[in-house]
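Structural overview for review
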There are 2 protein chains.
Amino acid sequence: MDPLFEIELDLPPAGARDASKRLYDQLKAAILDGRLAAGVRLPPTRRSAGFFGVSRNTAAAIYEQLAGDGLIVTRPGSGAFVAVRKAEVAVATARGDFPLNPVWLRTDIVEAMGFWAEEEVERAPTSGLDFRPALVDAQLFPLEDYRRVSAKALRRLERRPAALKSPQGNQGNYRLREAVARHIGVTRAVVCAPDDVLVTSGAQQAFDLLARVLVQPGETTVAIEDPGYPPMRAAFAAAGARIAPVRVDAEGIVVGDIPVDARVICVCPSHQFPLGVTLSAERRRQLIALARERGAVIVEDDYDGEFRFEGGALEALRTASAADVVFYVGTFSKCMLPSLRLGFLVAPAWALPTLTAAKNCLDWHSATPVQLGVAAFMSEGLLTKHIRKTREIYRRRRDELLGLIEKRLADWLEPIPSFYGMHIAVTAKPDVEVAAAARGLSEAQVKIHTLARYFAGEPTHAGLVFGYGVADLSDIHEGVEAVRATLASA
Amino acid sequence: MDPLFEIELDLPPAGARDASKRLYDQLKAAILDGRLAAGVRLPPTRRSAGFFGVSRNTAAAIYEQLAGDGLIVTRPGSGAFVAVRKAEVAVATARGDFPLNPVWLRTDIVEAMGFWAEEEVERAPTSGLDFRPALVDAQLFPLEDYRRVSAKALRRLERRPAALKSPQGNQGNYRLREAVARHIGVTRAVVCAPDDVLVTSGAQQAFDLLARVLVQPGETTVAIEDPGYPPMRAAFAAAGARIAPVRVDAEGIVVGDIPVDARVICVCPSHQFPLGVTLSAERRRQLIALARERGAVIVEDDYDGEFRFEGGALEALRTASAADVVFYVGTFSKCMLPSLRLGFLVAPAWALPTLTAAKNCLDWHSATPVQLGVAAFMSEGLLTKHIRKTREIYRRRRDELLGLIEKRLADWLEPIPSFYGMHIAVTAKPDVEVAAAARGLSEAQVKIHTLARYFAGEPTHAGLVFGYGVADLSDIHEGVEAVRATLASA
């Protein structure tokens, strides 16, 4: 029970003749007007003198009276509690006339953000198989290690006042920014200093922040990869950008198709989401040159660059030589856990002060306990260890899945080559009805996304996305057989 | 040293004749292009066979060559490290031509957000006295208790996949919302259910979220109290609101002065910031009636309502009967710690789905470890205990400060009556130059704000704000004497 009993009563003076009546009235009023909410425990009668200045017997009589009114319930051995009453929570009157910002009512934004939602509600933890991408196997995470280092790191919690508003603090905890700069230097060849890093509450906040700073509402055109990651384009659309979907082929975004007026170009160069292709060296050169020529900037979403299995380009697009035009977005959602809500931006020096000012206005800074915990997790080498471990696990899942797709599903589906990450996209052969198959699989408790979901414009590919973030080897076997059965029976 | 050595090299086949040369070239290239960042430790030569497929002697020769190039440094007993080179971090070229969203360049917004900043940089923790308001004495916080419950609560960290995108999760952790509903029911008479609560990353994010959902850019007029809390009006201004400052008198906001076209009215009814007055019962009735009549909504900022010392109105404005028009904003920044970045909204049912959708787009949800930690801190009764303790401390500080102001500063200053919180505003008597006094005090290492700082429009009050969040009794004595000395010498 909640130990709270803080309600302020206008208590009668000790020994007043009407003390009992006045205390009863006060408690009744406090219950009726909601100051004492349902479930709150009243002080035990044996302590009534201290709380109310009345005797135990008087308190017991008052409680009995309140119980008779239906306002409290007494449970032998555990005490007296405020009762749950019907209609206790006021029903708000409709305010459908209030003009909410229409951005949040736009179907493109609602759909983009609701992307994973519909099937998730009430989902039991172990039911069915889940091939949806961008999910993380939290069972693999070394939670005990994280608990240990984060509890220890919490000792460092800023005990000085005023950290809230210090400009340095708002760019993020310095130890974390140091660890981030070191980590992405080694794993992603992103050369930067801690002062180039701005800590955000996950990649989604980085997109929102970039959108709010880089977009002039109603004016700025933002080129996005199509297909792409819907919540990213939702952030830009919500900030008032005009969204220009651009085709993606085997070499990544088709740079020649980027509209002339695009001032912001959003890409996933390492492992395109969802197709999985890597932006070719030639396209990278073209893209950087185009951005410089047109005075545009590039937002690089490097959501799973740590999980690279073979070949392909190692580097992020944001090399030292592209530091002037590329905004690099990294996240701990994939390599640690999404529930930490921690990510970061590496931003050009010319934009960082404005981004930091905007971040202040959004929420001052990201939660310090999590920043300290992740910094400690990194500096103790636990992130590297976890990435090594999970990379091997994801590699095995991917190899197994690829082999099974080729062996069991080749009549219907063809995988798109990919060297990174936690999902494989497959294209459907002609006449294969993937939408119907996905619906059939959903009924069989196999969650799988069609490629069509990821398109902002008209889909150019028909296919499926096999995420293996939460599907282990046995799930993969079982799931592939379910997919085969569904496709074969179509 | 960082244990990471993850760089991928195109290694020569074992026994190749040019293995040594090729490995040298690869390492050199990786250092020059930044994949191997300064400070990274190279694998020990005794493990070179496993890492590089070359013998220890070959590796030692290569390291020697790299050291000769100035690319690595070897430290006896600790190993070989990538050297720090000059100009390693690329200097971004100027991009002053990129059209950033001009909102973030507006001086009213920059100044409102920079409000505390200028004096904060490089501030040593113990230098001088600090009377700035809205600072919290973190020394009083039971950090060991928080560490214990939060480490324990972390065991509950969502181990199921996909929590990220579940709609319920995005409104905030259910245990936390339950604890919040109970807490504000008892302490603030805000009757609500957990489902009415939306967890935010501090009050600042609640303001930003409300601004983005309630404001139609360029169209919506938002009435604010003047003087008021500058970062709150910055959030609304950044979302494109037209800001309408409204006078505050001894009864709170002057309801009759609220412009007819205001659709959003932002108030601090319990303890106006910074004046400290409480909105009178009559004004409350007027305000609610006005909002209903005009189809407007009210944003109630209840930043320190837990710290009530005597008399005045107990209730928040958002009673059950005003649940349709009031958006109640609460925060754990004052009653716990600002670095947690945790707050919440109680929103009318008609607006909650849209607010939740917008919150998703902003950052999906607030950091789960902190939500779990604060929920546990509350349900173990530690928040109540901490509030009881600090309320007594703040009460003593406030009584002491009030007494000293009346005894020592009465020739120049007069306190504004206030029943809550962590600061007292004082008005200056005619001909007292408070701005000059504040500057003089700043030189004497006493930080104090003038009331003028808090005005969006022309200041209607001249005075000072004495915050005692981080000033203890001895600071208060010393500070009041410093203020007296400054005022007396003017």
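It should be noted that the structure appears before, not after, this text.
As the structure is a computational prediction, the values presented were derived from the model and not from experiment.

**Some words on the packing of aromatic side chains**
All told, the structure shown has 25 aromatic pairs over all chains when counted by the stated rule. With a centroid separation of 5.7 Å and 45° between ring planes, the pair formed by F98 of chain A and W350 of chain B is classed as tilted. Pair noted here: F98 of chain A is in the loop between β2 (79–82) and α4 (107–114) and W350 of chain B is in the loop between β11 (343–346) and α11 (352–363), and the two residues belong to different chains. In terms of burial, F98 of chain A and W350 of chain B fall into one category: buried. Residues F131 of chain B and F466 of chain B carry aromatic rings whose centres are separated by 5.3 Å and whose planes lie at 70° to one another, so their mutual orientation is edge-to-face. You can see F131 of chain B sitting in the loop between β3 (129–130) and α5 (143–153) and its partner F466 of chain B sitting in strand β16 (residues 463–467), a full 335 residues away along the chain. Both residues of the pair, F131 of chain B and F466 of chain B, belong to the buried class. These aromatic residues form a ring-pair network of at least three members: Y229, F273, Y303 and Y454 of chain A.

**A closer look at the state of the cysteines**
Residues and elements named next belong to chain A. Tallied over the entire structure, the rule returns zero disulfides over all chains. With no disulfide partner, C192 has as its closest neighbouring cysteine sulfur the one in C335, 15 Å distant. Taking relative accessible area as the criterion, C192 reaches 11% and is therefore assigned buried.

**A short note on the packing of helix α8 (residues 202–214) of chain A against helix α11 (residues 352–363) of chain A**
Residue and element names in this part refer to chain A. Across the interface, α8 lies against α11 with an axial gap of 10 Å and an inter-helix angle of 115°. By crossing handedness, the relation of α8 to α11 is classed as right-handed. Taken together, the residues of α11 that come into contact with α8 (itself represented by Q205, D208, L209, L210, R212 and V213) are T354, L355, A358, K359, L362 and D363. Taken together, the residues of the contact of α8 with α11 sort by class into six nonpolar, two polar and four charged.

**Some remarks on the sheet that holds strand β13 (residues 423–428) of chain B**
Hydrogen bonds along the backbone pair up the strands of a sheet, which may run parallel or antiparallel. Residues and elements named next belong to chain B. Reading across the sheet, the four strands line up as β12-β13-β16-β15 and stay open at both edges, with antiparallel pairing between neighbours. Looking at which strands have only one partner, the edges of the open sheet turn out to be β12 (413–415) and β15 (449–450). In the packing of helix α13 (residues 382–408) onto the sheet, the strands contacted are β12, β13 and β16, and the crossing angle to β13 comes to about 15°.

**Here we look at the packing of helix α13 (residues 382–408) of chain A against helix α15 (residues 473–488) of chain A**
Residues and elements named next belong to chain A. Look at α13 against α15: their axes get within 10 Å of each other, and the N-to-C directions meet at 20°. Classed by the angle they form, the pair α13 and α15 counts as roughly parallel. For the pair α13 and α15, the sense of crossing is right-handed. Where α13 approaches α15, its residues R396, R397, E400, L401, L404 and R408 are matched on the opposing element by L473, I476, H477, V480, E481 and R484. Residue composition of the contact of α13 with α15, grouped by class: five nonpolar, one polar and six charged.

**Re unusual backbone geometry**
With an omega of 10°, the peptide bond between D226 of chain A and P227 of chain A qualifies as cis. Topologically, P227 of chain A is positioned in the loop between β5 (221–226) and α9 (230–238). Backbone torsion omega between F273 of chain B and P274 of chain B reads 10°, so that peptide bond is classified as cis. Of note in this structure, A134 of chain B is not a glycine but carries a positive phi near 65°. Residue A134 of chain B is classed as buried on the basis of its relative accessible area, which comes to 11%. Phi at A189 of chain B is positive, roughly 60°, even though this residue is not glycine.

Reading the values: rules and limits
- Residues numbered from 1 in each chain as written.
- Chains lettered and ligands numbered in written order.
- Predicted model: local features only at pLDDT ≥ 70, side-chain atom pairs only at ≥ 80, totals over all residues.
- Heavy atoms only, no water.
- Phe/Tyr/Trp six-rings, centres within 6.5 Å; stacked < 30°, edge-to-face > 60°.
- Helix = DSSP H or I, 4+ residues; strand = E, 2+ residues; numbered from the N terminus.
- Buried < 20%, exposed > 50% of the residue type's maximum accessible area, 1.4 Å probe, protein only.
- Disulfide = S-S within 2.5 Å.
- Axes fitted to C-alpha atoms, helices over the stretch in contact; angles between N-to-C directions.
- Left-handed = near helix turned anticlockwise from the far one by under 90°.
- Contact = heavy atoms within 4.5 Å.
- Nonpolar A, V, L, I, M, F, W, Y, C, P; charged D, E, K, R; others polar.
- Pairing = 2+ DSSP bridges.
- Parallel < 35°, antiparallel > 145°, perpendicular 65-115°, else oblique.

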